[in-house]
Amino acid sequence: MQAEGHYFVSLGAGINQVPLILSAQELGFRTIAVDQNLQAPGFEFATVQIHESIFNYRKVLYKLSMAVDTQDIAGIYSASYAHALLSASYIAEHLKLRGIPRTTMESILDKSQVREFLSVAPIPEISQPRYLKALSGMLKTDIESLGFPLIVKARSGAGKHAVFEADKFSSLKEILSRKNLSEQQLEANSFMLEEKIQGDEIIVTGLVENFEFYLITITDKIHSPIPPFIDIEHRYPSAYESLAQKILTGMQSLVKIMQIPAGPIVAEFIIKDQNLFLIEISPQVPGELIGEYVIPAAAGINLYTEIVRVFTGLPTTLPKKRKLKPMKQIRVEYIIENPGIVAWENMLGNAFAGRVFNPSPVNPPRSNADRFGALVFVENI
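We now turn to the structure provided with this report. Values in this document were obtained by computation on a predicted structure and should not be read as measured data.

About the criteria used
For every chain, the first residue of the written sequence is number 1, and numbering continues from 1 along that sequence. Residue-level local features of this predicted model are given only where pLDDT is at least 70; pairs of side-chain atoms are given and counted only at 80 or more, and the full residue set underlies all totals for whole chains, interfaces and linings. Excluding hydrogens and water, the side-chain values take into account all heavy atoms of the structure. When the centres of two rings from Phe, Tyr and Trp lie within 6.5 Å, Trp using its six-membered ring, the rings pair. Their planes under 30 degrees apart give stacked, over 60 give edge-to-face, and anything left gives tilted. Per the convention used, a helix needs a DSSP run of H or I reaching at least four residues, while a strand needs a run of E reaching at least two, with both numbered from the N terminus. A 1.4 Å probe rolled over the protein chains alone gives each residue an accessible area, and that area as a share of the maximum for its type sets the label: buried under 20%, exposed over 50%, partly exposed in between. We call two strands paired when DSSP finds no fewer than two bridges between them. Every angle, taken between N-to-C directions, lies between 0 and 180 degrees, and every axis is a line fitted to C-alpha atoms, over only the stretch in contact when it is a helix. Contact definition: two residues touch when any of their heavy atoms are within 4.5 Å. Throughout, nonpolar core names a set of buried Ala, Val, Leu, Ile, Met, Phe, Trp, Tyr and Cys residues whose side chains join them through atoms within 4.5 Å. Expected span, for any helix, means 1.5 Å times one less than how many residues it has. In what follows, roughly perpendicular refers to angles from 65 to 115 degrees, roughly parallel to angles under 35, roughly antiparallel to angles over 145, and oblique to any angle outside these ranges. In this scheme the crossing of two helices becomes right-handed for a clockwise turn of the near helix relative to the far one and left-handed for an anticlockwise turn of less than a right angle. Side-chain classes follow a simple rule in which Ala, Val, Leu, Ile, Met, Phe, Trp, Tyr, Cys and Pro form the nonpolar group, Asp, Glu, Lys and Arg form the charged group, and the remainder, Gly included, forms the polar group. Under this definition, polar contacts are N or O atom pairs within 3.5 Å; protein pairs additionally need one hydrogen-donor-capable and one acceptor-capable atom, and for neighbouring residues in sequence, both atoms have to be side-chain atoms.

### What to know about the packing of aromatic side chains
- Applying the stated rule across the entire model yields 5 aromatic pairs.
- Considering the side-chain rings of Tyr 77 and Phe 311, the 5.0 Å spacing of their centres and the 15° angle between planes classify their relative orientation as stacked. One end of the pair, Tyr 77, is in strand 4 (residues 73-77); the other, Phe 311, is in helix 11 (residues 303-312), with 234 residues separating them in the sequence. Residue Tyr 77 shares its accessibility class with Phe 311, and that shared class is buried.
- Centre to centre, the rings of Trp 344 and Phe 372 are 5.1 Å apart; their planes meet at 80°, and the pair counts as edge-to-face.

Below, the structure is given as structure tokens:
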């Protein structure tokens, strides 16, 4: 594949998609940005702008065919999550481009289906919490077998949206009540129940090329002690770097079992007694400045450039071996409440980088989206 004369499509033109658009252009591709926001910052850099919701994949596909010769499209991806990833899969499948098949994407994004994959084909390196789908016919004895407290979460949720904790059966009934479900705009069967695993949390970021998993970074995650367990901090290097080979082996097996052919992978684990309990996995870029700042500083890798290479068939330039000795100490600190303009500017002045996510966050936060912003701090070791 030659970049010259070909297009790369970014589903989304927001601030999180700008690095993807710029990376595609640096590789020589013309770029097509799709977003319903006419003021999306990525439009400034794109060769072609398409104004459409990235969730309306049929309309996006139609507008792509009207804007360019679709045979000149070399690849497509969305530096977003959930339904945006499904849209990218649908379009890639229709245009016969590299990507995760739509049915596979649907399975990965359904947390209960991931659990079922691991139940049918256990992976020695990876454990998982005991779980139940939240169905109307659940037996009380089955629920109590998980033990209390237990975690209640949306099967397709992201960013800690719709995550609860039940410490007894009556509180579980309240969480799954019609009133609460209506407020969350969810159906009872869209939830799952899991035993609560107590331990330290890590985030694993990697890239898959031709069904082979490349481990990029392991970072420690600190979250709030109460639901929905909002991310407060990420730290590199991880205190569990010694588990890298075990993580790599387990993730490679998971990629093969779930038949993930290409793209970035973010996985969240809880570590208890040196056992890796898989909490979530998603075929997306790590958000909240990790992809833009932590990975380049920690691993010397432009993740977005490698993503474009993977989805267009260009060979990746990933190092053959990960850096075994970290050279930098990196911390991402999340600011929950709006500190005010003056305080934020002072905080930003002392940081390596920072960004406002939500200038008017809800307090207490209902998900990761209800945080004001984040700061990145980088120090040489």
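### Quick notes on the sheet that holds strand 9 (residues 191-195)
- If you trace the 4 strands from one edge of the open sheet to the other, you get 6-9-7-8, paired in antiparallel fashion. Looking at which strands have only one partner, the edges of the open sheet turn out to be strand 6 (131-133) and strand 8 (163-166). The average angle at which neighbouring strand axes cross in this sheet is 20°, direction not considered.
- Where strand 6 and strand 9 come together, 3 bridges link them in antiparallel fashion. Opposite Leu 132, over in strand 9, you have Leu 193 as the bridge partner.
- Relative to the sheet, helix 5 (residues 111-120) contacts strand 6, strand 7 (150-154) and strand 9, its axis offset from that of strand 6 by approximately 130°.

### Some points on the nonpolar core
- If you look at the biggest cluster of nonpolar residues, it comprises 69 residues, and the most contacted ones within it are Phe 29, Ile 202, Val 204, Ile 247, Met 251, Phe 269 and Leu 278.
- Counting 21 residues, the second-largest nonpolar core is a separate cluster that includes Val 9, Val 48, Ile 54 and Ala 84.

### Observations concerning helix 3 (residues 83-94)
- End to end, helix 3 covers 17 Å across 12 residues, agreeing with the expected 16 Å (1.5 Å per residue, within 8%).
- Most of helix 3 is tucked away: 9 of the 12 residues are buried.
- Taken residue by residue, helix 3 has Ala 84, Leu 85, Leu 86, Ser 87, Ala 88, Ser 89, Tyr 90, Ile 91 and Ala 92 as its buried positions.
- Tucked inside the fold, the buried residues of helix 3 contact strand 1 (7-11), helix 2 (57-67), strand 4, helix 4 (102-109) and strand 14 (275-282).
- Positive phi appears at Lys 96, one or two residues downstream of helix 3, with a value of about 60°.

### A short note on the packing of helix 3 against helix 4
- Between helix 3 and helix 4, whose axes approach to 9 Å, the crossing angle comes to 165°. Judged by the inter-axis angle, helix 3 sits roughly antiparallel to helix 4. Handedness of the crossing formed by helix 3 with helix 4: right-handed. On helix 4, the residues touching Leu 85, Leu 86, Ser 89, Tyr 90 and Glu 93 of helix 3 are Arg 102, Met 105, Glu 106 and Leu 109.
- Its residues assigned to classes, the contact of helix 3 with helix 4 comprises 5 nonpolar, 1 polar and 3 charged.

### Topic: the pairing of strand 15 (residues 328-335)
- In this sheet, strand 15 lies alongside strand 12 (residues 231-236) in antiparallel orientation, the contact comprising 4 bridges. The partner of His 234 across the bridge, within strand 15, is Val 332.
- Pairing of strand 15 with strand 17 (residues 373-380), which is carried by 8 bridges, proceeds in the antiparallel orientation. Directly across from Gln 329, in strand 17, lies its bridge partner Glu 379.

### Brief notes about the side chain of Gln 128
- Assignment of secondary structure puts Gln 128 in the loop between strand 5 (126-127) and strand 6.
- Separated by 3.3 Å, the side chains of Gln 128 and Ser 119 make a polar contact.
- When residues no more than four places from it in sequence are discounted, the contact partners of Gln 128 are Arg 115, Leu 118, Ser 119, Phe 277 and Leu 278.

### What to know about the side chain of Glu 201
- With respect to the helices and strands, the residue Glu 201 is situated in strand 10 (residues 200-209).
- Looking at Glu 201, its side chain comes within polar contact range of the side chain of His 223, at 2.8 Å.

### Topic: unusual backbone geometry
- Between Tyr 236 and the following residue, Pro 237, the backbone shows a cis peptide bond with an omega angle of 0°.
- Residue placement: Pro 237 occurs in the loop between strand 12 and helix 9 (244-258).
- Omega for the peptide link from Asn 363 to Pro 364 comes to 0°, which places this bond in the cis form.
- Residue placement: Pro 364 occurs in the loop between strand 16 (353-356) and strand 17.
- Positive phi, close to 60°, is recorded for Lys 96, a residue that is not glycine.
- Looking at where Lys 96 falls in the secondary structure, it is placed in the loop between helix 3 and helix 4.

Keep in mind these numbers describe shape, not what the thing actually does.
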